[in-house]
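# Structural characterization, general
One-letter residues, chain by chain:
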Amino acid sequence: MSELHGNLIDGEWVKGDAIPNINPSDTNDVVGDYARATKADALAAIAAAKSAFPKWSRSGPLERHAVLRKASDEILARKDELGRLLSREEGKTLAEGVGETIRAAQIFDFFAGEALRLTGETVPSVRPGVGVEITREAVGVVGIITPWNFPIAIPAWKLAPALCYGNTVVFKPADLVPGCSWAIVDILHRAGLPKGVLNLVMGKGSVVGQAILDSADVNAVTFTGSVGTGKRVAAASIEHNRKFQLEMGGKNPLVVLDDADLAIAVDCAVNGAFFSTGQRCTASSRLIVQDGIHDKFVAAVTEKLKNLVVDDALKAGTQIGPVVDQNQLDQDEKYIAIGRDEGAKLAFGGERLNREKPGFYLQPALFTEATNAMRISQEEIFGPVASVIRVKDYEEALHVANDTPFGLSSGICTTSLKYATHYKRNAEAGMVMVNLPTAGVDFHVPFGGRKGSSHGSREQGRYAAEFYTTVKTAYTLA
């Protein structure tokens, strides 16, 4: 057995029963062993965060800046090592793993700057002789629960603002990908965080996550994951009258109009639907294509899929890595069977693949002759599976695009300024892309959706302050 990576509780690394971290590109490869926290560990972490909050919330901006900047610098300096770890434990290609690691460094750098830009307002009162000050203060103990599909970027965009604004943290990463989370917490710990400010509790959601949700000492919870778990987070948070923030997925449309540049549309569709093995909440799982370009588009996408290299995430030349684990592979195959049973045509792929080493390899699947009423067009599959839906005109395309319980990202490929402008205004989504993949966002601007995709204030950029702070208004008689 390799070294056991412990949980960080009140500034100390605490051992426990091991969680083997398995490489989905090679199931014989154990990435590392990570301690599984108990309920008692989670409660100790919450108590430590509560104890550390008064001092950390009143720390100076230079202290917070220094920690976040050191973390950013180390992540960037170790981008190749950490990117390889990410690809090895999650299955993204090495290029994607390194790219995500660089993004994490950029997020910490951004919030290091925000720590020096903390501001308030002084405004006149409507009453003579009275002054008014409006300030933002830390919320308190923040529970952070992250998914497996972006194992360093999503923790970064939650941890960085939480610490920047003076909160203390109890952090539970996804059980499947503890490695990147452990590494980022280790970096922050060594960057100079006082004990108790950041606590890492790896393990089962039913144990560790539930302890966080049940505690009245957790003042806010930010969660990214499934709809079902998100609803449980919401219910538990309402019980304790705490702030909660939910990102729960999408069924994102990419509209392709007759006037689109075919090469751009195909690149947008293949990148958005199938890269990162389709395991992105912003993936283009519904390709809504106007009748005049439909056949050319399907033929071009199919040809591109035939030439994609699906293999070990660490192997040079790989364009799509494996699915993250057996459960996700089973879910993908279940939906491929559902699509066939519903009457959609499997135009390409959908088969398990054998490679040099045992892993969870799946050929990207493209359905045609789908309707928007089918389950494969309404339910999030979270794999390399996309459906093409034929429409007659722009108006029908917009209607189909919006006909979903989700509203995270929405895209259109067109050379018409008229249609692009109308779509940006009328797409029912939190993010809209024009001639770009629906997946792929900047780190310094808001991220989030509408309808069943998201609840609460936006993540990332300066908008993160809305969740991680509370507003105070103070009146003074001069």
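That block above? That's the structure.
Residues numbered from 1 in each chain as written. Predicted model: local features only at pLDDT ≥ 70, side-chain atom pairs only at ≥ 80, totals over all residues. Heavy atoms only, no water.

### Brief notes about unusual backbone geometry
To keep it simple, the criterion reads: Counting from the N terminus, the helices are DSSP H or I runs at least four residues long and the strands are E runs at least two residues long. Between buried and exposed lies partly exposed: a residue is buried under 20% and exposed over 50% of the maximum accessible area for its type, with that area taken using a 1.4 Å probe on protein chains only.
Within the chain, Glu369 stands out as a residue other than glycine whose phi angle is a positive 60°. Tracing the sequence through the fold places Glu369 in the loop between β16 (365-368) and α12 (375-378). What makes Glu369 exposed here is its relative accessible area of 56%. Its identity is not glycine, yet Lys451 carries a phi of approximately 50°, on the positive side. By the element assignment, Lys451 lies in strand β21 (residues 450-451). On the basis of relative accessibility, which here comes to 38%, the residue Lys451 falls in the partly exposed class.

### Some thoughts on the layout of surface pockets
The following threshold applies: Using a 1 Å grid laid over the protein atoms alone, points where a 1.4 Å probe fits but cannot get out form a cavity; open sets with protein on both sides within 12 Å along at least 5 of 7 lines form a pocket; any residue with an atom within 4 Å of a point counts as lining. Grid points are joined across faces, edges and corners, and a volume is the space filled by probe spheres set on the points. Amino acids are sorted into nonpolar (Ala, Val, Leu, Ile, Met, Phe, Trp, Tyr, Cys and Pro), charged (Asp, Glu, Lys and Arg) and polar (every other residue, Gly among them).
Approximately 990 Å³ is the volume found for the largest pocket. If you go around the largest pocket, you meet 40 residues; those closest to its centre are Trp148, Phe223, Gly225, Ser226 and Thr229. Contributions of two or more residues to the lining of the largest pocket are made by α7 (205-214), β11 (220-224), α8 (227-239) and α11 (326-342). In terms of residues, the lining of the largest pocket owes the most to one element, α7, which gives 5 residues. A per-class count over the lining of the largest pocket returns 17 nonpolar, 15 polar and 8 charged. Its boundaries defined by the atoms lining it, the second largest pocket holds a volume of some 500 Å³. Lining the second largest pocket are 20 residues; nearest its centre among them are Leu118, Thr119, Arg136, Glu137 and Thr469.

### What about the pattern of salt bridges?
Short version of the rule: Every case where a carboxyl oxygen of Asp or Glu lies within 4 Å of a side-chain nitrogen of Lys or Arg is listed as a salt bridge.
Inspection of the entire model under this criterion finds 27 salt bridges. Between Glu81 and Arg78 there is a salt bridge, with the nearest N and O atoms lying 2.8 Å from each other. The partner of Asp291 in a salt bridge is Arg390, with the nearest N and O atoms 2.7 Å apart. Of this pair, Asp291 sits in helix α10 (residues 291-306) while Arg390 sits in strand β17 (residues 385-391); the two residues are 99 residues apart in sequence, bridging distant segments of the chain. A relative accessible area of 41% places Asp291 in the partly exposed class. Via salt bridges that share partners, Glu74, Arg78, Glu81, Asp186 and Arg190 belong to a single interconnected network.

### Side note on the packing of helix α4 (residues 94-115) against helix α5 (residues 153-164)
Let me state the cut-off plainly: With axes taken as lines fitted to C-alpha atoms, and helix axes fitted only over the stretch in contact, angles between N-to-C directions fall between 0 and 180 degrees. Working rule for angles: under 35 degrees goes down as roughly parallel, over 145 as roughly antiparallel, 65 to 115 as roughly perpendicular, anything else as oblique. Contacts between residues were defined by any pair of non-hydrogen atoms, one from each residue, lying within 4.5 Å.
In contact at an axis separation of 9 Å, α4 and α5 are set at 10° when each is read in the N-to-C sense. The orientation of α4 relative to α5 falls into the category roughly parallel. Across from Glu100, Arg103, Ala104, Ile107, Phe108, Phe111, Glu114 and Ala115 in α4, the residues of α5 making contact are Ala153, Ala156, Trp157, Leu159, Ala160, Pro161 and Cys164. Across the contact of α4 with α5, the residue classes break down as 12 nonpolar, no polar and 3 charged.

### Remarks on the side chain of Gln279
Keep this limit in mind: By the criterion applied in these results, polar contacts are pairs of N or O atoms within 3.5 Å in which, for protein atoms, one can donate a hydrogen and the other can accept it, and in which residues neighboring in sequence qualify only through two side-chain atoms.
Considering the arrangement of structural elements, one finds Gln279 in the loop between α9 (262-274) and β14 (286-290). At 3.1 Å, the side chain of Gln279 forms a polar contact with the backbone nitrogen of Val324. For Gln279, the residues in contact, after removing those within four places along its chain, are Glu90, Trp148, Asn149, Phe150, Pro322, Val323, Val324, Gln328 and Phe382.

### Here we look at the side chain of Thr368
Take Thr368: it is sitting in strand β16. Ignoring any residue separated from it by four or fewer positions in sequence, one finds Thr368 in contact with Val298, Ala344, Lys345, Ala347 and Val388.

### A few points about the packing of aromatic side chains
For the record, the criterion: Here a Phe, Tyr or Trp ring, Trp counted by its six-membered ring, pairs with any other such ring whose centre lies within 6.5 Å, and the pair is stacked when the planes are under 30 degrees apart, edge-to-face when over 60, and tilted otherwise.
Under the definition given, this model contains 8 aromatic pairs. Both rings, one in Phe467 and one in Tyr468, keep their centres 5.0 Å apart while their planes meet at 90°; by these two values the pair is edge-to-face. The pair formed by Phe467 and Tyr468 is uniform in burial state, with each residue classed as buried. Ring pairs connect the aromatic residues Phe110, Phe111, Tyr165 and Phe443, which therefore count as one cluster.

### A few points about empty space enclosed by the protein
According to the stated counting rule, one finds 3 cavities of 30 Å³ or more in the structure shown. In this structure, the largest cavity occupies an estimated 90 Å³ of space. For the lining of the largest cavity, a count of residues per class yields 6 nonpolar, 6 polar and 3 charged. Every residue lining the second largest cavity is counted, 14 residues in all, and those nearest its centre are Pro253, Thr404, Phe406, Gly407 and Ser409. Mapped onto the lining of the second largest cavity, the elements with two or more residues apiece are α13 (394-402), β18 (406-407) and β19 (409-413). By residue class, the composition of the lining of the second largest cavity is 5 nonpolar, 6 polar and 3 charged.

### Digging into the nonpolar core
Soluble globular proteins tend to pack their nonpolar side chains together in the buried interior. Operational definition: For the purposes of this section, nonpolar cores are sets of buried Ala, Val, Leu, Ile, Met, Phe, Trp, Tyr and Cys residues that join through side-chain atoms within 4.5 Å.
Counting 65 residues, the largest nonpolar core has Phe108, Phe111, Leu159 and Leu188 as the members making the most contacts within it. If one sorts the elements of this core by residue count, α5 sits on top with 9 residues. Beyond its immediate sequence surroundings of up to four residues, Leu188 is in contact with Val67, Ala71, Phe108, Leu159, Leu163, Leu193 and Leu198. Within the second largest apolar cluster, 29 residues are counted, among which are Ala344, Phe360, Ala370 and Val400.

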